[in-house]
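Here are the chains, one letter per residue:
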Amino acid sequence: MSTVPTGTWVEIERVILRPDQRAPNIPEDTARTPYVMRVSGWLLEPAAPGQPARVRTLIGRELAGTLKTVSPSYTHGFGEVVPELLDIGTAGGKP
Amino acid sequence: MKRDTSYAAVTARKNEIMKASLGVDFDRYVTSPVAFDYERLMKDTGYTLDDIVRIQRETKVGDTPLFELTRLTEVVRQISPRGKGATILLKDEAANASGSFKARRASISAYEAKKRGYAGVIAATSGNYGAAVASQAAMRGLKCIILQEVYDSQGVGQPEIVEKGRKCEAFGAEVHKLTVGPELFYCLLLALEETMFFNASLYTPFGIKGVETLGTEIAAQVRARYRRDPDVVVITHAGGGNLTGTARGLLAAGADKTRIVACSVDLSGLHMASDRDFNRKSFTTGHTGFGVPFATWPDRVDVPRNAARSLRYMDDYQLVSQGEVFYVTELLAKLEGIERGPAGNTSLTAAVALARTLDRDQVVVVQETEYTGAGKHHNAQLSFARKMGVEVRRGDPRENVPGKAIVIPERLEQVTGHGQSMDKLRESYLKNAAKAHPAKKWTDADKAFLAADVKKDVAWLESRLREL
């Protein structure tokens with residue numbers, strides 16, 4: 001995949017703790033996964049997705065990780081309609 | 001010399017990191033492994049209630065409306081025994097900057113950080129508190145880092161937490177989006193050590209002092225309009241700061257007969273640190289996964305002693321199911337014409353159930369609301385739950401099984417919630433205290449502290465000790 005230019009708003013990912021480095025006494029399903037952080041910032045030098053990358057964050061700090069997402073966006077919404085809610089508190093329109 | 005940043009090494013440096021990032025020496029207040037001078041810790045913040053009001057007005061906090069929910073009260077009265085059905089009031093905390101009461105909690109920390117010359121503030125929270133700290137930091141010209149538990153190991157984000165992360169970034173914060181696990185605390189320590197920012201922990205005396213104005217405002221508003229003190233104030237309970245601060249404010253205003261009722265969503269059976277369970281709960285806070293452990297042992301937090309001590313002020317603790325809260329959330333929109341988020345609607349659900357048992361001339365206050373919208377909305381949560389394999393249906397809410405089935409009541413009569421034994425919670429607190437420091441070694445001063453910490457006297461404590 002092509003290189004992403006400096007100054008692009010991206011999200012990087014970093015493994016903070018490998019499974020063997022994790023805290024003691026956590027549930028087994030959690031313990032077998034790595035502890036991972038993602039953070040967004042402006043790319044400080046060109047990088048390709050999946051490759052090492054450095055960013056400057058909104059508060060000006062420089063952080064390193066692996067380039068995860070270019071132009072990370074928020075797409076959360078209201079979900080699909082939940083029909084079970086619709087007739088609550090209505091005058092009984094539901095046939 | 002480069003410091004050892006391993007999990008064990010950093011957590012071992014916890015106390016020195018905390019001292020540097022908070023400027024409070026807790027050793028000055030600690031009197032034993034289980035006791036400390038709580039009131040002096042609170043007083044030594046140096047802020048009076050008047051100071052706090054002034055500071056909060058500078059950053060769009062407080063003086064929120066108190067609404068009478070007339071139509072909801074009316075439908076509750078229709079299903080109540082004769083003479084029953086208290087007036088339900090709602091303190092619209094969504095009107096604070098950042099959309100929740102957490103702005104109160106963040107305001108004094110941000111002010112203190114600025115006053116003492118810190119370059120920024122940090123908080124580890126997946127809740128509204130992150131947005132509140134980010135918003136207050138923005139207004140004080142401070143940098144801000146928020147650490148959140150957002151994703152499961154598949155990279156699937158809890159919609160409500162995704163929204164809260166968005167809001168933090170909208171206020172200019174650097175947001176660390178983490179996977180599931182208690183190592184959030186390790187990341188907090190690392191970030192504090194790296195940046196030397198102020199630790200805007202939820203559990204400092206500054207955080208709790210900031211919430212006291214919520215209690216004083218409620219007392220003043222209810223007295224002005226109804227010529228009485230609130231009979232009951234229902235408070236959504238998780239970490240305990242909301243309840244502690246509000247109750248302290250009510251007491252400061254002289255409302256010492258007001259019953260303080262905690263309320264949490266019952267998520268029993270789900271493990272809070274489980275990667276699998278993480279996205280099978282439809283409430284990210286205000287639930288028993290935090291509420292019970294924090295009530296029964298407050299000193300499990302990111303500061304040496306927790307200023308949020310809920311059992312010290314709590315008279316009752318009601319549980320409600322996810323389905324009941326969703327029903328009442330929908331009813332709030334349809335009958336009262338306002339959409340609000342899950343936290344306040346949790347206590348609203350308990351208030352609806354309680355109002356049926358209270359006299360008509362009594363007043364029950366739901367002491368917070370929060371903003372809602374994409375991700376936070378109950379439709380978003382239910383739709384997400386369905387995608388995660390949770391069954392969603394209408395029926396008897398007693399059939400709710402956290403992580404498996406959300407059963408939304410068919411009628412208002414089915415919204416009842418259920419109580420918990422306060423004595424069991426208090427006994428659990430004593431057992432935890434005994435784990436921290438053997439009961440045989442408790443001094444008279446320890447016993448006095450522990451009894452006060454569960455709103456009981458020493459005679460009660462002695463009798464429990466004999467039985468335990």
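Quick notes on the rules
- Residues numbered from 1 in each chain as written.
- Chains lettered and ligands numbered in written order.
- Predicted model: local features only at pLDDT ≥ 70, side-chain atom pairs only at ≥ 80, totals over all residues.
- Helix = DSSP H or I, 4+ residues; strand = E, 2+ residues; numbered from the N terminus.
- Rg over C-alpha atoms; globule rule 2.2 N^0.38 Å.
- Buried ≥ 20, exposed ≤ 12 C-beta atoms within 10 Å, placed from the backbone.
- Contact = placed C-beta atoms within 7 Å.
- Pairing = 2+ DSSP bridges.
- Domains from an automatic or database assignment.
- Nonpolar A, V, L, I, M, F, W, Y, C, P; charged D, E, K, R; others polar.
- Core = buried A, V, L, I, M, F, W, Y, C linked by C-beta atoms within 7 Å.
- Expected span 1.5 Å × (residues − 1).
- Axes fitted to C-alpha atoms, helices over the stretch in contact; angles between N-to-C directions.
- Parallel < 35°, antiparallel > 145°, perpendicular 65-115°, else oblique.
- pLDDT = per-residue confidence, 0-100.

Q: Go over the overall build of chain B with me, naming the residues and quoting the values.
A: Check the secondary structure of chain B and you find 19 helices and 15 strands. The C-alpha radius of gyration of chain B comes to 21 Å, within 12% of the 23 Å expected for a compact globule of 468 residues. By principal-axis analysis of the C-alpha atoms, chain B measures approximately 70 × 50 × 45 Å. Across the 468 residues in chain B, those meeting the buried criterion constitute 58%. Taking contacts inside chain B between residues at least 6 apart in sequence as the whole, the part at least 24 apart equals 77%.

Q: Quick rundown of the overall build of chain A? Include the residues and the values.
A: A tally of helices and strands in chain A yields 2 helices and 4 strands. Along chain A, helices (α) and strands (β) appear in the sequence β-α-β-β-β-α when read from the amino end. C-alpha atoms of chain A, sized along the principal axes, occupy 60 × 40 × 30 Å. The proportion of buried residues among the 95 residues of chain A is 29%. Within chain A, counting contacts between residues at least 6 apart in sequence, those at least 24 apart form 51% of the total.

Q: Tell me about the sheet that holds strand 10 (residues 259-265) of chain B, residues and numbers included.
A: Residues and elements named next belong to chain B. Read across the open sheet, the 7 strands follow the order 3-4-12-9-10-11-15; overall the sheet is mixed. This sheet does not close on itself; its edge strands, each paired only once, are strand 3 (66-68) and strand 15 (418-419). Pairing geometry for strand 9 (residues 232-236) and strand 12 (residues 363-366), over 3 bridges, is parallel. Bridge pairing links Val234 to Val366 in strand 12.

Q: Describe the interface of chain A and chain B, and please don't skip the residues or the numbers.
A: Contact with chain A, which involves 31 residues of that partner, is made by 45 residues of chain B. Going through the elements one at a time, strand 1 (9-17), helix 1 (28-31), strand 2 (35-43) and helix 2 (83-86) of chain A are the ones with two or more residues in the side of chain A that touches chain B. Broken down by element, the side of chain A that touches chain B gets its largest block of residues, 5 residues, from strand 2 of chain A. Where strand 2 of chain A and strand 7 (residues 174-179) of chain B come together, 2 bridges link them in antiparallel fashion. By the bridge assignment, Arg38(A) is partnered in strand 7 of chain B with Lys177(B).

Q: Can you tell me about the domain arrangement of chain B, naming the residues and giving the values?
A: Residues and elements named next belong to chain B. Here chain B is described as being made up of domain 1 (54-98 + 207-419) and domain 2 (422-467). Taken together, the contacts link 10 residues of domain 1 with 10 residues of domain 2. Of all elements in the fold, only helix 13 (288-296) and strand 11 (316-320) reach the threshold of two or more residues within the side of domain 1 that touches domain 2. Classifying every residue of the side of domain 1 that touches domain 2 by side-chain character gives 6 nonpolar, 1 polar and 3 charged.

Q: Now, about the nonpolar core: what can you tell me, with residues and values included?
A: All names here are of chain B. Membership of the largest hydrophobic core comes to 155 residues, with the highest contact counts inside it found for Ile88, Val121, Val133, Val234 and Val364. For this core, the domains that each give at least three residues are domain 1 (54-98 + 207-419) and domain 2 (422-467). When residues no more than four places from it in sequence are discounted, the contact partners of Val121 are Ser109, Ala110, Ala113, Val133, Ala137, Leu142, Cys144, Phe197, Phe198 and Ala200.

Q: Go over helix 15 (residues 342-355) of chain B with me, naming the residues and quoting the values.
A: The terminal C-alpha atoms of helix 15 of chain B lie 20 Å apart, and with 14 residues this matches the ideal 20 Å at 1.5 Å per residue to within 8%. Burial runs high along helix 15 of chain B: 14 of the 14 residues are buried.

Q: Before we move on, could you go through the environment of Gly155(B) and cite the residues and values that matter?
A: All names here are of chain B. Looking at the secondary structure, you find Gly155 in the loop between strand 6 (143-151) and helix 8 (159-170). Residue Gly155 is classed as exposed on the basis of its C-beta count, with 12 C-beta atoms lying within 10 Å. Separated by 112 residues in the primary sequence, Gly155 and Leu267 place their C-alpha atoms 23 Å from one another.

Q: I'd like a rundown of the packing of helix 7 (residues 128-140) of chain B against helix 8 of chain B, residues and numbers included.
A: Residue and element names in this part refer to chain B. Contact pair helix 7 / helix 8: the axes reach a minimum separation of 8 Å and the direction vectors enclose 5°. The orientation of helix 7 with respect to helix 8, classified from their angle, is roughly parallel. Of the residues in helix 8, those touching helix 7 at Asn128, Gly130, Ala131 and Ala134 are Lys164, Lys167 and Cys168. When its residues are assigned to classes, the contact of helix 7 with helix 8 shows 3 nonpolar, 2 polar and 2 charged.

Q: I'd love a proper account of the confidence of the model for chain B, names of residues and values included.
A: Residues of chain B with pLDDT of at least 70 account for 100%, and the chain-wide mean is 96. Our summary of model confidence lists the complex with pTM equal to 0.97 and ipTM equal to 0.97.

Q: Describe the environment of Val76(B), and please don't skip the residues or the numbers.
A: All names here are of chain B. Mapped onto the secondary structure, Val76 falls in helix 5 (residues 70-78). In this structure, the C-alpha to C-alpha distance between Val76 and Glu413, residues 337 residues apart in sequence, is 8.5 Å. With sequence-adjacent residues up to four places away left out, Val76 is seen in contact with Gly85, Ile88, Val352, Ala355 and Arg356.

Q: An account of unusual backbone geometry is requested, with residue identities and associated values reported.
A: All names here are of chain B. Positive phi is not limited to glycine here, since Lys60 has a value of about 60°. Looking at where Lys60 falls in the secondary structure, it is placed in the loop between helix 4 (49-58) and strand 3. Phi is positive for Asp63, close to 60°, though the residue is something other than glycine. Looking at the secondary structure, you find Asp63 in the loop between helix 4 and strand 3. In this structure Asp63 comes out as partly exposed when scored by C-beta crowding, with 13 C-beta atoms within 10 Å.

Q: So what about the pairing of strand 3 (residues 52-56) of chain A? Which residues, and what values?
A: All names here are of chain A. Residue alternation in strand 3 divides its side chains into a buried set, Ala53 and Val55, and an unburied set, Pro52, Arg54 and Arg56. For strand 3 and strand 4 (residues 62-70), the ladder comprises 5 bridges, and the chain directions are antiparallel. What sits directly across from Val55, in strand 4, is Leu63. Between the end of strand 3 and the start of strand 4, which pair antiparallel, lie 5 residues, with Gly60 showing a positive phi angle near 90°.

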